[in-house]
Amino acid sequence: MIPLHYYLILAAMLFMIGMTGFLVRRNFLTVLMSIELMLNAVNINFVAFAHYMDSMTGRIYVFFIMTVAAAEAAIGLAILISAYRNTKTTFVDEMNSLKG
Amino acid sequence: MQFLPADMNIIMPEIIMALIAIIILLADLVIKRKKSLAFLGVIGAGVVAYTIMMDSPGAAFSGMFISDGYSKFFKLIFLVNVILVTMISVKYIIIEKINLGEYYSLMLFSTLGMMVMASAGDLITLYVGLELMALSTYVLTGFIRHNTKSNEAAIKYFLLGAFSSAFLLYGISMIYGLTGTLELKDIADYINKNGLENNKVLMLSMILFVVGFGFKIAAAPFHMWAPDAYEGAPTSITAFMSVGTKAAGFAAIGRVFMIALPAIKLEWSTILIPLAILSIAVGNIAAIAQTNIKRMLAYSAIAHAGYALLGVIAADNEGIVSMMSYLMIYTFMNIGAFAVIIMLRGEGAKGEDINDYEGLAKKHPVLAAFMLIFMFSLTGIPPTAGFIGKFYVFMSAINAGYVWPVVVAVIFSAISAYFYLRIVMYMYMKEPINNVGVQNFEPLLSTSPAIGIVLIVAAAALLGIGIFPSFLLELARAAISGF
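Residues numbered from 1 in each chain as written. Chains lettered and ligands numbered in written order. Predicted model: local features only at pLDDT ≥ 70, side-chain atom pairs only at ≥ 80, totals over all residues. Heavy atoms only, no water.

> Can you tell me about the overall build of chain B, naming the residues and giving the values?
Across its full length, chain B carries 20 helices and two strands. Taking 483 residues into account, the globule formula puts the C-alpha radius of gyration at 23 Å, and chain B, at 22 Å, falls close to it. Expressed along its principal axes, the backbone C-alpha trace of chain B runs to roughly 75 × 55 × 40 Å. Looking at chain B residue by residue over its 483 residues, the buried ones come to 66%. When contacts within chain B are restricted to residue pairs at least 6 apart in sequence, long-range pairs at least 24 apart make up 80% of them. On chain B, the mean spot of the 28 positive side-chain charges and the mean spot of the 27 negative ones are 6 Å from each other. (Helix = DSSP H or I, 4+ residues; strand = E, 2+ residues; numbered from the N terminus. Rg over C-alpha atoms; globule rule 2.2 N^0.38 Å. Buried < 20%, exposed > 50% of the residue type's maximum accessible area, 1.4 Å probe, protein only. Contact = heavy atoms within 4.5 Å. Lys, Arg positive; Asp, Glu negative; His and termini not counted. Charge placed at Lys NZ, Arg CZ, Asp CG, Glu CD.)

> Tell me what's going on with the packing of aromatic side chains, and back it up with residues and numbers.
Scanning the entire structure with this criterion turns up 27 aromatic pairs over all chains. Taken together, the ring pairs in this structure connect Phe28 of chain A together with Tyr138, Tyr157, Phe158, Trp225 and Tyr230 of chain B into an aromatic cluster. Sitting over the face of the ring of Tyr426 of chain B, Lys430 of chain B holds its NZ or CZ atom 4.5 Å from the ring centroid. (Phe/Tyr/Trp six-rings, centres within 6.5 Å; stacked < 30°, edge-to-face > 60°. Lys NZ or Arg CZ within 6 Å of the ring centre and 35° of its normal.)

> Talk me through the confidence of the model for chain B; I want residue IDs and the actual numbers.
Looking at chain B, pLDDT values average 91 and 96% of them are 70 or higher. In the model, residues 436–441 of chain B has pLDDT below 50 throughout and makes three contacts with residues more than four positions away in sequence or in other chains. (pLDDT = per-residue confidence, 0-100.)

> I'd love a proper account of the environment of Glu318 of chain B, names of residues and values included.
Residues and elements named next belong to chain B. Locating Glu318 in the fold gives a position in helix H14 (residues 317–344). Taking the C-alpha atoms as reference, Glu318 lies 9.2 Å from Met395; in sequence the two are 77 residues apart. Those residues in contact with Glu318 that sit more than four places away from it in its chain are Ser396 and Arg477.

> Could you give me a rundown of the interface of chain B and chain A, with the residues and numbers involved?
Listed per partner, the contact involves 42 residues of chain B and 42 residues of chain A. Buried area between chain B and chain A, both sides added, is near 3,700 Å², and the carbon and sulfur share of it is 77%. If you sort the residues of chain B by the area they bury against chain A, Ile155, Tyr170 and Tyr176 of chain B come out on top, with a joint share of 18%. In this structure, the connection of chain B to chain A is made through zero salt bridges. At the junction of chain B and chain A, the tally comes to six residue pairs in polar contact (both at pLDDT 80 or more). (Buried area = accessible area lost by both parts, 1.4 Å probe. Salt bridge = Lys/Arg side-chain N within 4 Å of Asp/Glu carboxyl O. Polar contact = N/O pair within 3.5 Å; in protein donor to acceptor, adjacent residues only side chain to side chain.)

> With reference to specific residues and values, describe helix H9 (residues 200–216) of chain B.
Residue and element names in this part refer to chain B. Over its 17 residues, H9 extends 25 Å from the first C-alpha to the last, a length consistent with the 24 Å expected when each residue adds 1.5 Å. The buried count for H9 comes to 13 of 17 residues, which makes it a mostly enclosed element. Taking the backbone nitrogen of Val201 as reference, a side-chain oxygen 2.8 Å away marks Asn199 as the first, capping residue of H9. Looking one or two residues past H9, Ala218 carries a phi angle of roughly 55°, positive in sign. (Expected span 1.5 Å × (residues − 1).)

> Account for the nonpolar core, with residues named and values stated.
If you look at the biggest cluster of nonpolar residues, it comprises 228 residues, and the most contacted ones within it are Phe74, Leu123, Phe209, Leu261, Trp268 and Tyr357 of chain B. Among the elements that make up this core, the one with the highest residue count is H14 of chain B (20 residues). Contacts of Leu123 of chain B, omitting those with residues within four sequence positions, involve Tyr61 of chain A together with Ile172, Ile175, Leu182, Leu184, Ile187, Phe209 and Val256 of chain B. (Core = buried A, V, L, I, M, F, W, Y, C linked by side-chain atoms within 4.5 Å.)

As structure tokens, this is what we get:
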């Protein structure tokens, strides 16, 4: 049996990769993927804990996270499309009309 | 877990809210006059407020959903918020050419999310409510699709909001691994039983909670999204989210920290102190330099999050009471101020620049008088309610032994008078000017009966609470008695 902390380290690494991607990348789509990576790291955490504690709650939580992540991606892409029609770019750093 | 009929009674307000939002969404297909949808929304929210008042307290779905005085008080804030904002929106969204029925529906869905958050007895309910609130607000922020600023505000708000909820989720997963449960009461019991007060994982998840909620309430240093999102969003939505999202975040903070994590009270209040001080400092100092009034009020919203956090830092019942009444007062003064901004947004005139307020008292004395009340209240000058709110927050923090944060907060509060009263000075002491290059610049007020009612209600509430503060405090104390 694979020890629990292997999963936790994997999840922590994925979370860190996602966070770094969010902070470093400038393309909206890549940033969105980084956020999905962070959410999936959390999912691994939940499933691993639920498995080792033989509890159901964590597994249910994963379904909620996946559903919300899908809704989030849909809304994020919709916002991007409406922005793309005006700005013709998907790069976040080129959207800088708001400053002060 | 099983579904009992009694459970349905407890979540009846939420069921009605969801139904009204769906009905408006469907009615939008057949109804051409969108004004009637706004009317339907206001009536519906009123009905929900009535059912909340009549609702008997209790816990539903084996503790996942709690209806008590605390949640009722916050739901009242959310409903006042949605009713007032719906009323100021009617004329405004026609001017902005976003007169669509989904607007009202999304606002009600967002309020539903806030209501679920305030009633959450479990971290699953909390997360679902939070995301329902946040996702609806992202869409509303970008609602002016033809406007680049609105698009950009939505993108920034969306990315940082999703980022912050990932942090919150990581914290939740850690606390689940530690205690094996997601129910707030069981988490507290487990921590007490096993003596986990000094556990490192518990500290980590607490810090992640602070990060996640800090983004939602726009507390510094997690405030970067707020000025951009508040400036770019439709003005009515700025009012909606500066009050609603913040109050919902505070409802969740109070619930999670006071019920699930009372064992590490000292630790989390120690972390929240620099957050509160930094919010007050950043908000008040950055607001001085702003020339756009929406952006100025965004920084002021950051500062007000800091003041309300002082009530949470006190970490006792009096502190929570002061935080709750502060948020109720903030609802009226902030929406009132935004209602005035919306009235100045006429056809062709933006009305967002501070210079647009020059000589307003000569042209529109009544409107200027209303703005005067709201600005005095935001500064915290008696006899307006803003003073009472700040007074009780500071009192509760001092009684809990935090004197120096209050001293700092008072100093910055004095600094804040500069930019609030600058508006008043512009309105009363300057002559109306015509903008250079604009012929016959005469901002037309976009008046409507609904917005007039909002101004009167907000001003009356502020003066009423300012002169008779005990009413609101007793309401908040009674609300928290079963906490």
